[in-house]
Amino acid sequence: MKVRLLVRYGELSTKGRNKKAFTQQLAKNIKKAIRQYPEVKVHPEYDFMYLDLNGAPEEEIMKLLKPIFGIQSFSPVYIVEKDMEQVKAVVLDLLKDLNPTEKNFKITTKRSDHSFEYDTTDINLFLGDAVLDAFPGITVKLKQPDINVRVDVRREHIMVSLQTIQGAGGLPVGTSGRVNMMLSGGIDSPVATYLALKRGMEVQLVHFASPPYTSPDALTKTKRLAAKLAVYGGSMQFFTVPFTEIQEQIKKSVPENYLMTVMRRMMMRLTDELRKQQGGLAIATGESVGQVASQTLESMIAINDVTNTPVIRPVATMDKLDIIAVAKEIDTFDISIEPFEDCCTVFAPPSPKTRPKLEKAREYEARLDVEGLIEHCLAGITVEEITASSNFDQVKDDDMEDLF
Ligand code: ATP
Ligand code: MG
């Protein structure tokens, strides 16, 4: 018996003219996610897509489909010859795996081959009786049954399907253009990254590191977060920006209560320069209105002043508890709360200005050689590709001793 996975698009179906590009991107993303199973063939059609498994493990493939954005739902579909005894055997076999006793079911038959010798009522009755005979305790329920056995009589074969699994929703990554996401090691920016990916954006990650004030562990922590996000984003470019020199200069020249604002302005400028080089269309951050001193609206005005590029803030209006709930769901929370110091924490003044004045921020920043610092910093940026299977486990001191 042949097994197919039927993939439904959801929101995609309403996208009209763009639909072809969307389905092609989705097919590409699916192929990438299942690349270790080259035997699986992906067939994009207008309203759905099917995957011929050709012997690949069904459960594994379904696990890989689960986090792919742009998939509304999917179902394993079994292709059976046009012989009712064979259909019956398949239905009973599949039901057995679902622990059907005490559950209720219905049979839903669709027939596009009207020359087939049985009509839909014949088939519903025949299979319904077979199920009732085979599983004592099972009952028929026509409205919202526990198990809906779908039978589709086609010209070339009959398709049987019992399960519909909810997909990740959203839009296929890569259909909404590229953004440069400022990723710290905190709780918010990984969640913001996930949400940007869900709306179809291709995300490049930008992380500011200030060695030796920030440790290699802080950088590794952020890369481990990136690997978690790569489950949704496919592989992602991770840019490490050497921020030490700029932070030291700011610390030297800017009054303490404007350190944070000027530092953020420099981060924004650098991200914007990198975005230009990379062909990105927007910048994204994990800022949330009112959460901390640097995230008041006045503060956003003072920081955002350095660019006209759209700044996407996916978690701007979310409550912290709701952000945490998403962080747990996408498995970034436990890493985010590890205690390594971020560059902002190290340089953070005890009392940053909660309502910085734009004019003052500009004035203090002008004390720096902004262009020179930016240019020097850009030259030191490094990049690496991070995938879901990237491994950044620390080499422990004990392990090192074992090596000698
Ligand atoms: P997060 O939980 O994302 O760290 P936060 O609540 O700690 O956010 P801030 O420290 O004010 O907030 O940072 C606001 C945003 O600035 C972050 O969400 C992130 O987008 C960006 N940012 C902060 N520090 C860094 C960093 N070291 N590298 C890259 N981006 C950063
Ligand atoms: Mg932070």
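Residues numbered from 1 in each chain as written. Chains lettered and ligands numbered in written order. Predicted model: local features only at pLDDT ≥ 70, side-chain atom pairs only at ≥ 80, totals over all residues. Heavy atoms only, no water.

To continue, consider the UniProt feature "binding site: ATP" (unreviewed entry) in the protein chain. The UniProt entry lists Met182, Leu183, His207, Phe208, Arg264, Gly286 and Gln295 under the feature "binding site: ATP" (unreviewed entry), expressed in the numbering used here. Mapped onto the secondary structure, Leu183 falls in the loop between β10 (178-182) and α5 (188-198). Gln295 has contacts with Glu287, Ser288, Val289, Gly290 and Met300, leaving out every residue within four places of it along the chain. Here Ser288 takes part through its backbone nitrogen, which lies 2.8 Å from a polar atom of the side chain of Gln295. (UniProt positions renumbered as here; feature names shortened; annotations may be inferred. Helix = DSSP H or I, 4+ residues; strand = E, 2+ residues; numbered from the N terminus. Contact = heavy atoms within 4.5 Å. Polar contact = N/O pair within 3.5 Å; in protein donor to acceptor, adjacent residues only side chain to side chain.)

Between Pro211 and the following residue, Pro212, the backbone shows a cis peptide bond with an omega angle of 0 degrees. By the element assignment, Pro212 lies in the loop between β11 (202-209) and α6 (216-233). Backbone geometry places Asn54, a non-glycine residue, at a positive phi of 45 degrees. Within the secondary structure layout, Asn54 lies in the loop between β3 (48-52) and α2 (58-65). On the basis of relative accessible area, Asn54 is assigned to the partly exposed category, the value being 48%. A positive phi is found at Asp331, a non-glycine position, where the angle reads about 70 degrees. Mapped onto the fold, Asp331 is located in the loop between α10 (320-329) and α11 (333-336). Since its relative accessible area comes to 39%, Asp331 is described here as partly exposed. (Buried < 20%, exposed > 50% of the residue type's maximum accessible area, 1.4 Å probe, protein only.)

Now for the packing of aromatic side chains. Summed over the entire model, instances satisfying the criterion amount to six aromatic pairs. Ring plane angle 70 degrees and centroid distance 5.8 Å describe the contact between Phe116 and Tyr118, whose orientation is recorded as edge-to-face. Every member of this aromatic cluster is reached through a ring pair, and the members are Phe69, Tyr194 and Tyr232. A cation over a ring is seen here: Arg4 above Tyr50, with NZ or CZ 4.0 Å from the ring centre. For the cation-ring pair, Lys19 lies above Tyr46, with the distance from its terminal atom to the ring centre recorded as 3.9 Å. (Phe/Tyr/Trp six-rings, centres within 6.5 Å; stacked < 30°, edge-to-face > 60°. Lys NZ or Arg CZ within 6 Å of the ring centre and 35° of its normal.)

In this section: the pattern of salt bridges. Between side chains of opposite charge, a pair can form when the charged atoms approach closely. Considering all chains together, one arrives at 22 salt bridges under this definition. Of the charged contacts in the structure, one is a salt bridge between Arg4 and Asp52, with a shortest N-O distance of 3.0 Å. With Arg4 in strand β1 (residues 2-8) and Asp52 in strand β3, the pair connects residues that are 48 residues apart, well separated along the chain. On the basis of relative accessibility, which here comes to 14%, the residue Arg4 falls in the buried class. Here Lys320 makes a salt bridge to Asp188, at a shortest N to O gap of 2.9 Å. With Lys320 in helix α10 and Asp188 in helix α5, this residue pair connects regions lying 132 residues apart in the sequence. A residue is classified by how much of its surface remains accessible, and Lys320, at 31% relative accessible area, is partly exposed. (Salt bridge = Lys/Arg side-chain N within 4 Å of Asp/Glu carboxyl O.)

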